[in-house]
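# Examining the three-dimensional arrangement
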Amino acid sequence: MTRYFHPQSAESTRDRTARSGSIGGALLFVLAAMGLLVAISYPLTVAAAVGAVVAAALVFRLGAPALARELHGRMTELEVPGIGTVEIRVDAR
């Protein structure tokens, strides 16, 4: 007895397979799990790193506009070898 390949039977088995998520989602899950394990293993280091990032963000958010106001209208010239003189001006938006 000879068996013949039927394309419809192949499609029906393909439809029964489970739909999987994206590779990016799986990678994000693995990275989040690893980050959680690192945070549990080194809580003081992670707390210090998060605190440093938050402090830097606050300093930049509060300090950048003040620095722009102080430097508003100032101009300086910078000599770049091989290019020439470059003028730098700071203007607040």
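Residues numbered from 1 in each chain as written. Predicted model: local features only at pLDDT ≥ 70, side-chain atom pairs only at ≥ 80, totals over all residues. Heavy atoms only, no water.

Our focus in this paragraph is the pairing of strand 2 (residues 84-89). Sheet analysis places strand 1 (residues 75-80) next to strand 2, joined by six bridges and oriented antiparallel. Counted as the bridge partner of Glu 79 is Thr 85 from strand 2. The turn linking strand 1 back onto strand 2 is made up of three residues, and Gly 82 within it adopts a positive phi angle of 85 degrees. (Pairing = 2+ DSSP bridges. Helix = DSSP H or I, 4+ residues; strand = E, 2+ residues; numbered from the N terminus.)

Before going further, it helps to examine helix 3 (residues 43-71). If you check helix 3, its first and last C-alpha atoms are 41 Å apart, about what 29 residues at 1.5 Å a residue would give, namely 42 Å. A bend of about 30 degrees at Gly 63 is the largest found in helix 3, and the proline Pro 65 appears one to four places after it. (Expected span 1.5 Å × (residues − 1). Bend = angle between axes of the 7 residues up to and from the residue.)

Turning next to the environment of Thr 76. One can find Thr 76 in strand 1. With 10 residues separating them in the primary sequence, Thr 76 and Val 86 have C-alpha atoms 8.4 Å apart. If we ignore the near neighbours within four places in the chain, the residues touching Thr 76 are Val 86, Glu 87 and Ile 88. (Contact = heavy atoms within 4.5 Å.)

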